[in-house]
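Chain residues, written in single-letter form:
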Amino acid sequence: MVVLEPNGSSSAKPLKSQDPNNPSGPSVPKPPPYGHLEGTYSAAGQPGFPNVRPYPGAEVYSSNHRREPPGMRFLKALCVAVLVWMLCGAFVRSLVWAVGWNRENHWDGSYPIPSGVSLRQCLEPAQWDNALPTPNLLNLERDLYAANQSAQDLQLLPPSAYPFVSKTSFELPISSNSLYLLSRGAYASGSVDILTSTAQKQGSAAVHVAVYYYHQELRDRVKLCKVSRRAGESGVGIFTPSYIDRYNPRDHLYFETVIMFPQSIHRRSPLRIKNLETDVVNTFHRVHAIAEHVVFDNISLAGSNAQISSSDLAADFASVQTFNGAILGSFNASKELKLVTSNGQVKVDVHLDNDLSSTPSKLYIETSNAPLEAKIDLHASASGVKGQYPQYKVDTKTSNNKLDVDFQNSPADSTLYYKGDTSNGPTNVQLHAAYQGSFKVSTSSSWVVPELHVRENAPDPSGRGRKREVQHTSLYKGELTGSVKWVDEKEDKKLEMGTVEVKTSNAKAVLVV
């Protein structure tokens, strides 16, 4: 280190080590205190020792060294992120299990019992009647193949696949204001059959329940009870735990339920039931040919993820609802009928009666993402108010599929209010010749036009020899309007005219009058 003197001259003064035999000689100054700046003078004017460190060696780069590509670094980071996400998910899931599940049996201890429902009499595990699985376990004459196919539609094992089955029965008074069947829970699934039998005791309806299973411990977790909601009502409830931790089909239960009404060959008129309700999850319905023997003032069938089929159902007011399942078969109503599903086909024959009152009989059919096919018979009661004519209000609706409706019968001088609606699918609506009123057919498609097909020389439904007049105009490309009526110059009868609207989009629309 070179130090500049005050006079500007420079000289190098080598440092001398201290001689132990010459204490008076020059001594080496003490190292600077901690925190003292390197290469500075001390307070006494003596130069302090710098903290000399070896110069770090320069890093030697090879000409063959290549940096890792960005794509590879991204993939590595992505793998690490996915691994962390999986570990976090596993941790959260294990935490949910630890909090919500019984550690001994691995089943959630809660049961999803609807509010307002009270459990009155529940079956104890020892009260089940163990039986052998047979095709006619509940004295039910049915197609075993059809039952197995319906179970497969639910992605469940069919009843014939289970090694064990237990059964029991309840009796409910048919004089009740309401009879009902409920089911809830993660393990609640199966079938409901509604039928009549001469073997059933008069004055009561039987509810037979058979449960198919692999593990008795799971069967013993079922709460099968008589339930009550309001005074004068009688019901049966099937309740299972709320949660499933694994999706092994052998951990499921299959409930086969039969609601059986008495049938009498001596009764001149059908048995009247005030109200029947089903509200069951993951369960399909089969209504057998019972209209000859039983008529309901009100009936409501509600399921989910399964179809509802009817061989012959008769009621004043009827509601049939499901989702992810079809509605099939024959239905009869004198006041109102509602058939509603989604993501499932509707293919029905409907008999809609009217008592000649001022209130129209109503039919409402709806689905989505599936075809809707309905054959409709409109009838009028023989007795009614003089001067009143039958009236009907019919609505049919689907989407992303075809709409096919055929009014096969209609009383003369009746009034029909009809709306048919779909999208992305063709419509084909055929009116009965008795229809009188206006009509409108429309489509949003730019490459097809609405079509009107007129039946030539259609006979007068009333037999009075009237002539039919059909008029139509096209307002613009996507819409066609008009009217149809029967003309008799000798008559001065003023009838209320009906209305018909048929609508679709991106497809052909056809109306037949």
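Structure's up top.
Treat the numbers as computed from the prediction; the structure is a model and nothing was measured.

Rules used throughout
- Residues numbered from 1 in each chain as written.
- Predicted model: local features only at pLDDT ≥ 70, side-chain atom pairs only at ≥ 80, totals over all residues.
- Heavy atoms only, no water.
- Helix = DSSP H or I, 4+ residues; strand = E, 2+ residues; numbered from the N terminus.
- Buried < 20%, exposed > 50% of the residue type's maximum accessible area, 1.4 Å probe, protein only.
- Contact = heavy atoms within 4.5 Å.
- Areas by Shrake-Rupley, 256 points an atom, 1.4 Å probe, with all protein chains shown as cover.
- Salt bridge = Lys/Arg side-chain N within 4 Å of Asp/Glu carboxyl O.
- Phe/Tyr/Trp six-rings, centres within 6.5 Å; stacked < 30°, edge-to-face > 60°.
- Lys NZ or Arg CZ within 6 Å of the ring centre and 35° of its normal.
- Pairing = 2+ DSSP bridges.
- Core = buried A, V, L, I, M, F, W, Y, C linked by side-chain atoms within 4.5 Å.
- Disulfide = S-S within 2.5 Å.

S.K.: Teacher, can you tell me more about the overall build of the protein chain here?
M.R.: Within the protein chain, the regular secondary structure consists of three helices and 27 strands. Looking at the protein chain as a whole, 43% of its 513 residues are labelled buried. Across the protein chain, the fraction of contacts at a sequence separation of at least 24, relative to all contacts at a separation of at least 6, is 68%. For the protein chain, the accessible area works out to roughly 28,800 Å², and carbon and sulfur atoms hold 53% of it.

S.K.: When you look at the pattern of salt bridges in this model, what are you seeing that I'm missing?
M.R.: Side chains that differ in sign of charge can pair as their charged atoms come close. Considering all chains together, one arrives at 12 salt bridges under this definition. The shortest N-O distance in the salt bridge between Arg 184 and Asp 279 comes to 2.9 Å. Here Arg 184 is found in strand β4 (residues 178-184), whereas its partner Asp 279 is found in strand β10 (residues 271-279), with 95 residues between them in sequence. In this structure Asp 279 comes out as partly exposed when scored by relative accessible area, which is 30%.

S.K.: Please clarify how the packing of aromatic side chains should be interpreted in this entry.
M.R.: For any pair of aromatic rings, the description rests on two quantities: the centre-to-centre distance and the angle between the ring planes. Using the criterion set out here, one finds six aromatic pairs in the structure. When the centroid spacing of 5.3 Å and the interplanar angle of 85° are considered together, the rings of Phe 407 and Tyr 418 count as edge-to-face. Taken as a pair, Phe 407 in strand β19 (residues 403-409) and Tyr 418 in strand β20 (residues 415-421) lie far apart in primary sequence, 11 residues in all. Across the pair, Tyr 418 and Phe 407 agree in class, each one buried. Through successive ring pairs, a cluster of aromatic residues spans Tyr 162, Tyr 212, Tyr 214 and Tyr 254. The ring of Tyr 111 has Lys 223 lying over it, and the distance from NZ or CZ to the ring centre is 5.0 Å. Here the basic side chain of Arg 229 rests over the ring of Tyr 180, its NZ or CZ set 3.9 Å away from the ring centre.

S.K.: Is there a simple way to think about the side chain of Ser 505 in this case?
M.R.: With respect to the element layout, Ser 505 can be found in the loop between β26 (498-504) and β27 (509-512). Residue contacts for Ser 505: discarding those within four places in its chain leaves Thr 422, Ser 423, Asn 424, Gly 425, Thr 443 and Ser 444.

S.K.: Teacher, can you tell me more about the environment of Pro 159 here?
M.R.: The topology assignment puts Pro 159 in the loop between α2 (144-153) and β3 (164-173). For the pair formed by Pro 159 and Leu 253, sequence separation is 94 residues and the distance between their alpha carbons is 9.4 Å.

S.K.: Would you explain the side chain of Ser 197 in this entry?
M.R.: On the secondary structure map, Ser 197 appears in strand β5 (residues 190-197). Its relative accessible area of 17% is what places Ser 197 among the buried residues. Residues in contact with Ser 197, not counting those within four places in the same chain, are Met 260, Phe 261, Pro 262 and Gln 263.

S.K.: Which parts of the structure should I look at to understand the pairing of strand β21 (residues 427-430)?
M.R.: Where a strand is regular, its side chains alternate between the two sheet faces. Residues Thr 427 and Val 429 of β21 are buried on one face, while the alternating residues Asn 428 and Gln 430, pointing to the opposite face, are not. Two elements, β21 and β27, share four bridges in a ladder whose sense is parallel. Its bridge partner being in β27, Gln 430 is matched across the sheet by Val 512.

S.K.: Would you explain the nonpolar core in this entry?
M.R.: Most often, soluble globular proteins have nonpolar side chains that are buried together. Within the largest apolar cluster, 74 residues are counted, with the highest numbers of intra-cluster contacts made by Phe 261, Phe 296, Tyr 418 and Leu 511. Contacts of Phe 261, omitting those with residues within four sequence positions, involve Ile 174, Leu 179, Ile 194, Leu 195, Thr 196, Ser 197, Gln 200, Ala 205, Ile 273, Leu 276, Val 294 and Phe 296. In terms of nonpolar packing, the next biggest core, distinct from the first, is built from eight residues, Ala 210, Tyr 214, Phe 284 and Ala 306 among them.

S.K.: Quick question: what am I supposed to make of the state of the cysteines here?
M.R.: Covalent bonding between the sulfur atoms of two cysteines is what defines a disulfide. Inspection of every chain in the model, using the stated rule, returns one disulfide. A sulfur-sulfur distance of 2.0 Å marks the disulfide that ties Cys 122 to Cys 225. Across the S-S bond linking Cys 122 and Cys 225, the dihedral sits near 100°, which makes this disulfide right-handed. In this pair, Cys 122 is assigned in strand β1 (residues 118-122) and Cys 225 in strand β7 (residues 223-228), connecting sequence segments 103 residues apart. Among the residues examined, Cys 122 registers a relative accessible area of 31% and is labelled partly exposed.

The analysis is restricted to geometry; functional conclusions fall outside its scope.
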